[in-house]
Amino acid sequence: MVLNYIWIAFFVIAFIIALVRLVFMGDFEVFPEMMNSTFDSSKTAFEISLGLTGVLALWLGIMKIGEKGGIVNALARWLSPVFTRLFPDIPKGHPVTGSIFMNISANMLGLDNAATPMGLKAMEQMQELNTKKDTATNPMIMFLVLNTSGLTIIPIGVMVYRAQQGAAQPTDIFVPILLATFFSTLAGVIITALYQKINLLNRTLLLTLGGAALMVAAIIRGFMQLDSVIMNLVSTSAANIILMTIILCFILAGVRKKVNVYDAFIEGAKDGFSTAVRIIPYLVAILVGIGVFRASGAMDMLIDGIRWLVAALGFNTDFVGALPTALMKPLSGSGARGMMVDAMSTYGADSFVGRLSCIFQGSTDTTFYILAVYFGSVGIRYTRHAVTCGLLADLAGMISAVMIAYMFFG
């Protein structure tokens, strides 16, 4: 229901602003630009889905091998003490906990292409437990918030873009991103737990969150002792080695269980194709709404209004130039990426705005895209508090990013 109102708001606000630009500014290009954006966004939505087809087929095929080889069930048993408290509505030891773990791990390593199929698999398994098939369950929402908060240990993509833009130290945003995304995820878990009345003050969850904090600190300490070239090399190599190890372990587990791994892969790959087709309408809807909003000039007006308000309150406005990336990130990953590159090109890769835009890009994920794809894949229409929790986690990430940027680069 919330997505419905937001989608309507995109079009209504965009139309009003475009009409004002036409009548009072004589801008006869605004409506053609808006219509062109609808066609371009529809094409982009289909291309995204088409691009996902092969990746979905690959990873759902690998997941099927892991499922039949017993690895997914083993992960479910291992994670059961934590997941029964964080996802109390999921039965203890259910295979979905293994899929959730694989998805979160892939996200943490910056492996988006691997994370999405695993996440869609997890959503399908949670939908099997759902008694109201058109309404999001509490576990679905907690899982979506964990995805939208964007916990990432190795932000490979952002560092690559910084290198392309001529940054003196492309990796200098590594620690700030890690800190910002950690606070975003922590805020998302706490906010969602409050909505769902989940008790976080228990020994298991406190030890898990404390252990995660220690792991983040250890990773920061280790990477801070490497120079930029070695850091990039280690980050990229570690992510890909872990990914290939997962694939090999799944295959070997299938062989050990005497599973026909080829047939199991084909069975899972077929699901990948059908899933890619199912998400097309949802992607078209959300991307067209975002495209119209951007083309009308509404985003630019919003940024200018924020800059005026911040200045009127007497605060430093240096961070406002990076806000387009932050505001675009929940709406469109590619749009936010474009805003980040534009900020680095305009202000300089090593400027405060350039660095902050990179931290924004790495600290959260594309909330509305994830909601559209994941909920759309299982036919969820009523998202309940998913949007609210996801956007509050994004807000926590944005605030953390600004504070951390001033701490490191201000």
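None of the values given here were measured: they were computed from a predicted structure. (Residues numbered from 1 in each chain as written. Predicted model: local features only at pLDDT ≥ 70, side-chain atom pairs only at ≥ 80, totals over all residues. Heavy atoms only, no water.)

Attention now goes to the overall build of the protein. When you go through the protein residue by residue, the secondary structure sums to 18 helices and zero strands. Of the contacts formed within the protein by residues at least 6 apart in sequence, a portion of 78% connects residues at least 24 apart. Carbon and sulfur atoms form 67% of the exposed surface of the protein, whose accessible area is close to 18,400 Å². Of the side-chain charges in the protein, 26 are positive and 23 negative, and the distance between the mean point of each set is 14 Å. (Helix = DSSP H or I, 4+ residues; strand = E, 2+ residues; numbered from the N terminus. Contact = heavy atoms within 4.5 Å. Areas by Shrake-Rupley, 256 points an atom, 1.4 Å probe, with all protein chains shown as cover. Lys, Arg positive; Asp, Glu negative; His and termini not counted. Charge placed at Lys NZ, Arg CZ, Asp CG, Glu CD.)

Next up on the list: the confidence of the model for the protein. Scored by pLDDT, the protein has a mean of 82; 92% of the residues are at 70 or more. Helix H6 (residues 138-148) holds the highest mean pLDDT among the elements of the protein, 90, whereas helix H7 (residues 156-164) holds the lowest, 75. (pLDDT = per-residue confidence, 0-100.)

Under the counting rule described, the total for this entry stands at seven aromatic pairs. With 5.7 Å between their ring centres and 65° between their planes, Phe-15 and Phe-31 make a pair best called edge-to-face. A residue pair is termed long-range when its members are at least 10 positions apart, and Phe-15 in helix H1 (residues 2-25) and Phe-31 in helix H2 (residues 30-69) qualify at 16 residues. Look at Phe-15 and you get partly exposed, because its relative accessible area is 43%. Under the relative-accessibility criterion, Phe-31 is labelled partly exposed at 23%. Arranged with centres 6.0 Å apart and planes meeting at 65°, the rings of Phe-182 and Phe-183 form a pair that is edge-to-face. (Phe/Tyr/Trp six-rings, centres within 6.5 Å; stacked < 30°, edge-to-face > 60°. Buried < 20%, exposed > 50% of the residue type's maximum accessible area, 1.4 Å probe, protein only.)

Let's shift gears to the side chain of Lys-64. For Lys-64, the location among the structural elements is in helix H2. For Lys-64, the residues in contact, after removing those within four places along its chain, are Lys-121, Ala-264, Glu-267 and Gly-268.

Each pocket or cavity is described by its volume, and for the second largest pocket that value is around 820 Å³. Lining the second largest pocket are 25 residues, with Val-82, Ile-104, Met-108, Thr-208 and Ala-212 positioned closest to its centre. Within the residue set of the lining of the second largest pocket, elements represented by two or more residues are helix H3 (71-86), helix H4 (96-108), helix H8 (174-196) and helix H9 (203-224). The leading source of residues in the lining of the second largest pocket is H9, at seven residues. Within the lining of the second largest pocket, the residues separate by chemical class into 21 nonpolar, four polar and no charged. (1 Å grid on protein atoms, 1.4 Å probe; cavity = no way out; pocket = protein on both sides within 12 Å on 5 of 7 lines; lining within 4 Å. Points joined across faces, edges and corners; volume = space filled by probe spheres on them. Nonpolar A, V, L, I, M, F, W, Y, C, P; charged D, E, K, R; others polar.)

A general trend in soluble globular proteins is that nonpolar side chains are found buried together. In terms of nonpolar packing, the biggest core is built from 61 residues, with Phe-87, Ile-100, Met-123, Met-126, Phe-143 and Phe-375 touching the most fellow members. Counting residues per element, this core draws most heavily on helix H17 (residues 367-377), which supplies eight residues. Discounting chain neighbours no more than four positions away, the residues touching Ile-100 are Phe-83, Phe-87, Ile-90, Ala-122, Met-126 and Phe-143. In this structure, Phe-174, Leu-178, Phe-319 and Met-398 belong to the second largest nonpolar core, which totals 35 residues. (Core = buried A, V, L, I, M, F, W, Y, C linked by side-chain atoms within 4.5 Å.)

This part is about the pattern of salt bridges. The full count for this structure, using the stated rule, is six salt bridges. Two residues, Glu-267 and Lys-68, come together in a salt bridge whose shortest N-O distance is 2.8 Å. With Glu-267 in helix H11 (residues 261-278) and Lys-68 in helix H2, the pair connects residues that are 199 residues apart, well separated along the chain. Residue classification places Glu-267 among the partly exposed residues on the basis of a relative accessible area of 35%. The exposure class assigned to Lys-68 is partly exposed, which follows from its relative accessible area of 40%. As a salt-bridge pair, Asp-304 and Arg-307 come within 3.5 Å of each other at their nearest N and O atoms. Placement of both Asp-304 and Arg-307 in helix H13 (residues 298-312) is noted, with a separation of three residues, approximately one turn of the helix. Residue classification places Asp-304 among the partly exposed positions, given a relative accessible area of 47%. A relative accessible area of 32% means that Arg-307 is categorised as partly exposed. Connected through salt bridges with shared partners, the residues Lys-64, Lys-68 and Glu-267 form a single ionic network. (Salt bridge = Lys/Arg side-chain N within 4 Å of Asp/Glu carboxyl O.)

Let us now look at the packing of H6 against H17. For the pair H6 and H17, interaxial distance at closest approach is 10 Å and the crossing angle is 140°. What the angle tells us is that H6 and H17 run oblique. For the pair H6 and H17, the sense of crossing is right-handed. Contacts from Met-140, Phe-143, Leu-144, Asn-147 and Thr-148 in H6 reach Thr-367, Ile-370, Leu-371, Tyr-374 and Phe-375 in H17. Of the residues belonging to the contact of H6 with H17, the class tally is seven nonpolar, three polar and no charged. (Axes fitted to C-alpha atoms, helices over the stretch in contact; angles between N-to-C directions. Parallel < 35°, antiparallel > 145°, perpendicular 65-115°, else oblique. Left-handed = near helix turned anticlockwise from the far one by under 90°.)

Let's shift gears to unusual backbone geometry. A negative phi holds for most residues other than glycine; trans holds for most peptide bonds. Phi is positive for Lys-197, close to 55°, though the residue is something other than glycine. Summarising the element assignment, Lys-197 is placed in the loop between H8 and H9. With a phi angle near 55°, Arg-384 is a residue other than glycine that sits in the positive phi range. Relative to the elements of secondary structure, Arg-384 occurs in the loop between H17 and helix H18 (386-409). Overall, Arg-384 belongs to the partly exposed group, its relative accessible area being 40%.

As for its placement among the helices and strands, Met-159 is situated in helix H7. A relative accessible area of 2% means that Met-159 is categorised as buried. The spacing of Met-159 and Phe-174 is 15 residues in sequence and 7.8 Å in space, taken between C-alpha atoms.

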